[in-house]
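# Summary of structural features
The lines below spell out each chain.
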Amino acid sequence: MSAAVVPARRRKGVGLGLVAWLAGILFFLPIAWMALTSFHSEQDAATNPPSFTAALTLDGYREFFGTGGGASPWPALLNSTVASVVSTLCVLLLALPAAYALSIRPVKKWTDVLFFFLSTKMLPVVAGLLPIYLFAKNAGMLDNIWLLVILYTAMNLPIAVWMMQSFLAEVPVAVIEAARVDGARLPTVLGRIVAPIALPGIAATALICFIFSWNELLFARVLTGVVAETAPVFLTGFITSQGLFLAKVCAASLVISLPVLAAGFAAQDKLVQGLSLGAVK
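Residues numbered from 1 in each chain as written. Predicted model: local features only at pLDDT ≥ 70, side-chain atom pairs only at ≥ 80, totals over all residues. Heavy atoms only, no water.

Our next topic: the UniProt feature "transmembrane region" (unreviewed entry) in the chain. In this numbering, the UniProt entry assigns the feature "transmembrane region" (unreviewed entry) to residues 12–36, 82–102, 114–133, 145–168, 189–213, 219–238 and 245–267. End-to-end, the C-alpha atoms of residues 12–36 are 35 Å apart, and along that stretch the chain is 100% helix and 0% strand. Along residues 114–133 one finds 55% helix and 0% strand; the C-alpha atoms at either end are 28 Å apart. (UniProt positions renumbered as here; feature names shortened; annotations may be inferred. Helix = DSSP H or I, 4+ residues; strand = E, 2+ residues; numbered from the N terminus.)

Moving on, we get to the packing of helix α4 (residues 74–103) against helix α10 (residues 199–215). It is the contact of α4 with α10, at a shortest axis distance of 9 Å, that shows an interaxial angle of 140 degrees. As judged from the angle between their axes, α4 and α10 are oblique. Crossing of α4 against α10: the hand is right-handed. Contacts from Leu 77, Ser 80, Thr 81, Ser 84, Val 85, Ser 87, Thr 88, Val 91, Leu 92 and Leu 96 of α4 reach α10 at Ile 202, Thr 205, Ala 206, Cys 209, Phe 210, Ser 213 and Trp 214. Residues that form the contact of α4 with α10 fall into these classes: 10 nonpolar, 7 polar and no charged. (Axes fitted to C-alpha atoms, helices over the stretch in contact; angles between N-to-C directions. Parallel < 35°, antiparallel > 145°, perpendicular 65-115°, else oblique. Left-handed = near helix turned anticlockwise from the far one by under 90°. Contact = heavy atoms within 4.5 Å. Nonpolar A, V, L, I, M, F, W, Y, C, P; charged D, E, K, R; others polar.)

Okay, the side chain of Asn 156 next. Here Asn 156 lies in helix α7 (residues 145–168). Under the relative-accessibility criterion, Asn 156 is labelled buried at 4%. Of note is the side chain of Asn 156, whose polar atom sits 2.9 Å from the side chain of Ser 213. When neighbours within four sequence positions are excluded, Asn 156 is seen to be in contact with Val 91, Cys 209, Phe 212 and Ser 213. (Buried < 20%, exposed > 50% of the residue type's maximum accessible area, 1.4 Å probe, protein only. Polar contact = N/O pair within 3.5 Å; in protein donor to acceptor, adjacent residues only side chain to side chain.)

Put simply, the largest pocket is a space of about 450 Å³. Around the largest pocket, the lining is made up of 18 residues, and of these Lys 121, Leu 123, Val 125, Met 155 and Phe 219 lie nearest the centre. The element contributing the most residues to the lining of the largest pocket is α7, with 6 residues. Of the residues that constitute the lining of the largest pocket, the class distribution is 12 nonpolar, 4 polar and 2 charged. (1 Å grid on protein atoms, 1.4 Å probe; cavity = no way out; pocket = protein on both sides within 12 Å on 5 of 7 lines; lining within 4 Å. Points joined across faces, edges and corners; volume = space filled by probe spheres on them.)

To continue, consider the packing of aromatic side chains. All told, the structure shown has 5 aromatic pairs when counted by the stated rule. Judged by centre distance (4.9 Å) and plane angle (75 degrees), the ring pair of Phe 64 and Phe 65 falls under edge-to-face. A residue is classified by how much of its surface remains accessible, and Phe 64, at 0% relative accessible area, is buried. A relative accessible area of 28% means that Phe 65 is categorised as partly exposed. Connected via pairs of aromatic rings, a cluster forms that spans Phe 64, Phe 65, Trp 74 and Phe 234. (Phe/Tyr/Trp six-rings, centres within 6.5 Å; stacked < 30°, edge-to-face > 60°.)

This part is about unusual backbone geometry. Its identity is not glycine, yet Asp 143 carries a phi of approximately 55 degrees, on the positive side. Along the chain, the position of Asp 143 falls in the loop between α6 (129–138) and α7. Its relative accessible area of 23% is what places Asp 143 among the partly exposed residues.

What follows covers α10. Helix length check: α10 (17 residues) gives 24 Å between terminal C-alpha atoms against 24 Å at 1.5 Å per residue, within 8%. Among all positions in α10, only Pro 200, Gly 201, Ile 202, Ala 203, Ala 204, Thr 205, Ala 206, Leu 207, Cys 209, Phe 210, Ser 213 and Trp 214 are buried. (Expected span 1.5 Å × (residues − 1).)

Moving on: the nonpolar core. Judged by nonpolar contacts, the single largest core of 28 residues is most densely connected at Leu 96, Tyr 100, Met 164, Leu 168, Ile 176, Val 194 and Ile 202. Those elements that place two or more of their residues in this core are α4, α7, α8 (173–181), α9 (186–197) and α10. Once residues within four sequence positions are removed from consideration, Leu 168 is found in contact with Leu 96, Ala 99, Tyr 100, Ser 103, Ile 104, Val 194 and Ala 198. Listed in part, the 20 residues of the second largest apolar core include Ala 76, Ala 231, Val 255 and Val 260. (Core = buried A, V, L, I, M, F, W, Y, C linked by side-chain atoms within 4.5 Å.)

As a further point, take a nonpolar patch on the surface. Together, Trp 21, Leu 22, Ile 25, Leu 26 and Leu 29 give the surface a local cluster of nonpolar side chains, amounting to about 570 Å² of exposed area. Tracing the backbone shows Leu 22 in helix α1 (residues 5–38). (Patch = residues over 30% accessible without salt bridge, like charges linked within 9 Å, V, L, I, M, F, W, Y side chains within 5 Å. Areas by Shrake-Rupley, 256 points an atom, 1.4 Å probe, with all protein chains shown as cover. Salt bridge = Lys/Arg side-chain N within 4 Å of Asp/Glu carboxyl O.)

This is the structure:
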C-alpha cells in the first residue's frame, strides 16, 4: 500500500466522522431547544427571537404535574406505561413462534407470508378508525385501556414478525437439532436456546414496539376519554383556544419523552447489535 493511500483514507474517515457528528448535533438540537424552553417562563418562551439568557424557572414543570391546581399527569402516564409494556410483551410472545416457523422451520411460500404481514402496515390508520370505533362502542370497550393493548398488539405484530424472522434466521440450526436430539420440546427450544441467541434482535424489536405504542395518538385520542387517557392525549390538552403555552408544552413533552429516551439509552448496545445482526457474514 502506497504512502499516499493511507492519508487519503484517513482524510475520508475524518470527513465521515465530521458528517456523523454534524448529523448527531442536528438531531439533538430540537431536544436541547425543547429542554431549554421548558425552563423558561411563558413570557420568555414566547419571545421571538428567543432569549438564551432568560431566567430559568420550574413553573412549566409545576403546572404540568398539577401543583398549580391542574389535572395530574400520573394517570395518563400510567395508562401509557400499561398499554406499551403489556402490548410489547404480547407482541414478543406471539412474534417469536411465528418468526421461528418462518425462518428456522420455514413454511411453504414463507416470503409471501412475510409480504402479507408487511402489507397490513400499508393500510392508512385512519381507514380502519371508524370500524374499530363502532366495534368498540358496540362491545362496550370505549375508554378502556385493554382495548388499546389489543390494538397496539395487532398493530405492532406484523413488523415484529418481519424483524424477528431476519434475526432468527441467523440462529445455527445445528444447535436446535442437538437440543431436539436431547429431547427438548418446542417451548424449551424457544425459551432456552433460540431466545438467548437472538436476544439482541428481540431487544431491538421490543424497543421499537414500545416506542410505537408509547407515541401512538390517533386511536388513543378517538377511543379513550378520561379513564384510559394516555400521555400523548394528555399532552394535546395543553393546546387550547386560549393559546399555546409553550413552556408548559415543552416541559410536558420532555417528561413524556423521557421513558422512550431512557429505554433507548439503556438498550442502545442491544439495539445496534440487533439491527446489524446478519449484516456482516
